[in-house]
Amino acid sequence: MLSAAHDILRHQRAPGNQSHVDPGPIPVPHNGSSRFDCNSVSTAAVLLADILPTLLIKLLAPFGLHLLPYSPRVLVSGVCAAGSFILVAFSHSVGTSLGGVVLASISSGLGEITFLSLTSFYPRAVISWWSSGTGGAGLLGALSYLGLTQAGLSPQHTLLSMLGIPALLLVSYFLLLTSPAPQDPGGEEDTETAARQPLMSSEAPESKPDSGSSLSLQERWTVFKSLLPHIIPLVLVYFAEYFINQGLFELLFFRNMSLSHAEQYRWYQMLYQAGVFASRSSLRCCRIRYTWILALLQCFNLGFLMADVWFSFLPSIYLIFLIILYEGLLGGAAYVNTFHNIALETSDEHREFAMATACISDTLGISLSGALALPLHDFLCHLS
């Protein structure tokens, strides 16, 4: 959805046109008095629609989501993902499109917290596999949207072609994923085992690790405080990178190129996701304990690109491409190493709660960046 953000906001659908954007390569500025080729609404609006429902889910999840078994959560996530593609594809207004983005956010937030919590029932190495998979998903989404639209497919038909992805999610979970092996010699009550059963299968796992639901409020608070050295750097990393992605990408526009403004934006998104995928898959090769270093480097990226938006001193879009790829590498490395460090440093009985709680970090950083990117967009786009 973030790869399509520029297209969602660029134009209302014209009669006889099944795309949110004109297929031609010539951009049409909405603000003729500005030195930037701006949409009337920042792409940060799509970011906020994409992240605020996720933030709400993650804030409430540690207090009650454990009461809902995993299978219904995955089912709701898949249905919402399919609904988002359909709603945005057939939308005739930006408001309806943003409603579709909200559905995608519900799917993403519920899915992330569900599967991250589920990793506590499997070997720690699954954190690396999970991070690599999410990085690959971002790259696949951005690359497929870029490739299909570059090949001439309209954004509407491109979104509809993605409907197989939610179906694949459900098939993978209910038919391919195996139940976790027992990890504790002592079993739990039958009702708890049933509630914790992650798969719709006839055989339940013999036992599970202690559930986060059994922790007292004091224990939860103690665990949360111990997570702050991991949470704060990840919040900063995601704040900086999504401020760049949804606040500055649209303004880093090079005129007199064969790529239109919309196409440049899609390339930015694709290269960012490529960097994320590479670094989220790098845990076996490179492990970083002090993730605050990544936060500092990402904040430097934000300052550098902000200066370029203001002064336009970078002569080539290819330099922007390299910086964006590097930005994605930092973001992906921060994500995978943060959760890997948490998995190593928390006890078995606290790990499920810790994973569910720490995953609010990226969402909080993204939400803050979207809120600040909106006024920045309006300020810069009114500059003559």
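Model, not experiment: these values are computed from the prediction. (Residues numbered from 1 in each chain as written. Predicted model: local features only at pLDDT ≥ 70, side-chain atom pairs only at ≥ 80, totals over all residues. Heavy atoms only, no water.)

### Some thoughts on the overall build of the chain
Note the following rule: Each helix corresponds to a stretch of at least 4 residues labelled H or I by DSSP, and each strand to a stretch of at least 2 residues labelled E; elements are numbered beginning at the N terminus. Three exposure classes are used, based on accessible area relative to the maximum for each residue type with a 1.4 Å probe and protein chains only: buried under 20%, partly exposed in between, and exposed over 50%. Only heavy atoms enter the contact rule, under which two residues are in contact if any of them lie within 4.5 Å. Method for areas: the Shrake-Rupley scheme with a 1.4 Å probe, in which residue coverage is limited to the protein chains shown.
Broken down by element type, the chain carries 14 helices and zero strands. The order of helices and strands in the chain, counted from the N terminus, is α-α-α-α-α-α-α-α-α-α-α-α-α-α. Counting across all 384 residues of the chain, residues that qualify as buried make up 55%. The long-range share in the chain, meaning contacts at least 24 apart out of those at least 6 apart in sequence, stands at 80%. Entry remark: accessible area of the chain is about 16,400 Å², with carbon and sulfur atoms responsible for 69%.

### Observations concerning the nonpolar core
Note the threshold: Only buried residues count toward a nonpolar core. Its members are Ala, Val, Leu, Ile, Met, Phe, Trp, Tyr and Cys residues joined through side-chain atoms within 4.5 Å.
Core analysis: the biggest nonpolar cluster contains 77 residues, and Leu248, Leu252, Tyr268, Ile320 and Phe339 have the highest contact counts within it. The element contributing the most residues to this core is helix H9 (residues 217–248), with 13 residues. With sequence-adjacent residues up to four places away left out, Tyr268 is seen in contact with Phe249, Leu252, Phe254, Ile317, Ile320, Phe321 and Ile324. One finds Phe85, Val88, Ala89 and Met162 within the second-largest nonpolar core, a separate group that totals five residues.

### Topic: the pattern of salt bridges
Threshold: Counted as salt bridges are all cases of a side-chain nitrogen of Lys or Arg within 4 Å of a carboxyl oxygen of Asp or Glu.
In the structure shown here, the tally under the stated rule is four salt bridges. Among the salt bridges present, the one from Glu345 reaches Arg289, with a minimum N-O distance of 3.2 Å. In this pair, Glu345 sits in helix H12 (residues 317–345) while Arg289 sits in the loop between helix H10 (261–280) and helix H11 (292–311), placing the two residues 56 residues apart along the sequence.

### Comments concerning empty space enclosed by the protein
Put simply, the test is: Points on a 1 Å grid, built from protein atoms alone, make a cavity when a 1.4 Å probe fits but cannot get out and make a pocket when they are open with protein on both sides within 12 Å along at least 5 of 7 lines; residues with an atom within 4 Å of a point are the lining residues. Grid points are joined across faces, edges and corners, and a volume is the space filled by probe spheres set on the points. Residues are grouped as follows: nonpolar covers Ala, Val, Leu, Ile, Met, Phe, Trp, Tyr, Cys and Pro; charged covers Asp, Glu, Lys and Arg; every other residue, Gly included, is treated as polar.
The tally for this structure, following the rule as stated, stands at two cavities of 30 Å³ or more. The wall of the second largest cavity is formed by Thr119, Ser120, Tyr122, Pro123, Arg124, Val126, Ile127, Ala343, Arg351 and Met355. Within the lining of the second largest cavity, the residues separate by chemical class into six nonpolar, two polar and two charged.

### Some thoughts on the environment of Leu116
Tracing the chain through its elements places Leu116 in helix H4 (residues 94–118). For Leu116, a relative accessible area of 0% gives the class buried. What Leu116 contacts, discounting residues up to four positions off in sequence, is Trp130, Tyr335, Phe339, Met355 and Cys359.

### Regarding the packing of helix H5 (residues 126–150) against H10
Inclusion rule: Lines fitted to the C-alpha atoms define the axes, with helices restricted to the stretch that makes contact. Angles between their N-to-C directions range from 0 to 180 degrees. An angle below 35 degrees is treated as roughly parallel, one above 145 as roughly antiparallel, one from 65 to 115 as roughly perpendicular, and anything else as oblique. Each crossing gets its hand from how the near helix is turned against the far one by less than a right angle, where anticlockwise is left-handed and clockwise is right-handed.
Here H5 crosses H10 at 160 degrees, and the two axes come no closer than 8 Å. By the angle class used here, H5 and H10 are roughly antiparallel. The handedness of the crossing between H5 and H10 is left-handed. Within the contact of H5 with H10, the residues separate by chemical class into 10 nonpolar, 11 polar and three charged.

### Looking at the packing of H12 against helix H13 (residues 348–358)
Interaxial distance between H12 and H13 falls to 10 Å at its minimum, and their mutual angle equals 155 degrees. One way to sum up the angle between H12 and H13 is to call them roughly antiparallel. Considering the relative orientation of H12 and H13, their crossing is right-handed. Contacts between H12 and H13 involve Phe339, Ile342 and Ala343 on the former and, on the latter, Arg351, Ala354, Met355 and Ala358.

### So, H10
Our working definition: Each residue after the first adds 1.5 Å to the expected span of a helix.
Between the first and last C-alpha of H10 there are 29 Å, a value that for 20 residues agrees with the 28 Å anticipated at 1.5 Å per step. The element H10 is largely enclosed, with a buried count of 16 among its 20 residues.

### Brief notes about helix H7 (residues 164–176)
We apply this condition: The arc in question is traced by the directions running from the helix axis to the C-beta atoms.
For H7, the full list of buried residues reads Pro166, Leu170, Tyr173 and Phe174. Along the axis of H7, the buried residues cluster in a sector spanning 85 degrees; they form a single face. Of the exposed residues in H7, those oriented more than 90 degrees away from the buried face are Leu168, Leu175 and Leu176. Against helix H3 (70–89) and H4 lie the buried residues of H7.

### What to know about a nonpolar patch on the surface
Defined as follows: Surface patches are defined over residues having more than 30% relative accessible area and no salt bridge, joining like charges when they lie within 9 Å and nonpolar side chains (Val, Leu, Ile, Met, Phe, Trp, Tyr) when within 5 Å.
Residues Tyr290, Trp292, Ile293, Leu296, Leu297, Leu325, Tyr326 and Leu329 make up a contiguous nonpolar surface patch of roughly 740 Å² in combined accessible area. By the secondary structure assignment, Leu296 is in helix H11. Its relative accessible area of 55% is what places Leu296 among the exposed residues.

### Here's the deal with the packing of aromatic side chains
Aromatic ring pairs are defined here through the distance separating the ring centres and the angle between the ring planes. Applicable threshold: Ring pairs are drawn from Phe, Tyr and Trp, using the six-membered ring of Trp, whenever the two centres fall within 6.5 Å, and their geometry is named by plane angle: stacked under 30 degrees, edge-to-face over 60, tilted for the rest. Whether a charge lies above a ring is judged from NZ of Lys or CZ of Arg, which has to be within 6 Å of the ring centre and within 35 degrees of the ring normal.
Enumeration over the complete set of coordinates arrives at 18 aromatic pairs. Geometrically, the ring pair formed by Tyr173 and Phe174 is edge-to-face, given 4.9 Å between the ring centres and 90 degrees between the ring planes. An angle of 80 degrees between the planes, with centres 5.4 Å apart, marks the rings of Phe304 and Phe313 as edge-to-face. The partly exposed category is assigned to Phe304, whose relative accessible area is 30%. Linked through ring pairs, Phe249, Tyr265, Trp267, Tyr268, Tyr318 and Phe321 together constitute an aromatic cluster. A cation over an aromatic ring shows up here: Arg280 above the ring of Tyr335, its NZ or CZ 3.7 Å from the ring centre.

### Notes on unusual backbone geometry
Most peptide bonds take the trans form, and the phi angle of most residues other than glycine is negative. In the Ramachandran plot, Asn256 falls in the positive-phi region, its phi being about 55 degrees despite a non-glycine side chain. On the secondary structure map, Asn256 appears in the loop between H9 and H10. Among the residues examined, Asn256 registers a relative accessible area of 84% and is labelled exposed. The backbone phi angle of Ser312 is positive, close to 50 degrees, even though this residue is not glycine.

### Quick word on the confidence of the model for the chain
For any part of a model where pLDDT is low, the fine detail of the predicted coordinates should not be relied upon. Applicable threshold: The score called pLDDT rates the predictor's confidence residue by residue, from a low of 0 to a high of 100.
When pLDDT is averaged along the chain, the result is 81, and 80% of the positions lie at 70 or above. Looking at the elements of the chain, mean pLDDT is at its lowest for helix H8 (residues 190–196), recorded as 41, and at its highest for H11, recorded as 95. Counted against residues more than four places away or in other chains, residues 12–30, with its pLDDT under 50, gives 46 contacts. When the criterion is pLDDT under 50, residues 184–210 qualifies, and its contacts beyond four places in sequence or with other chains add up to 59 contacts.

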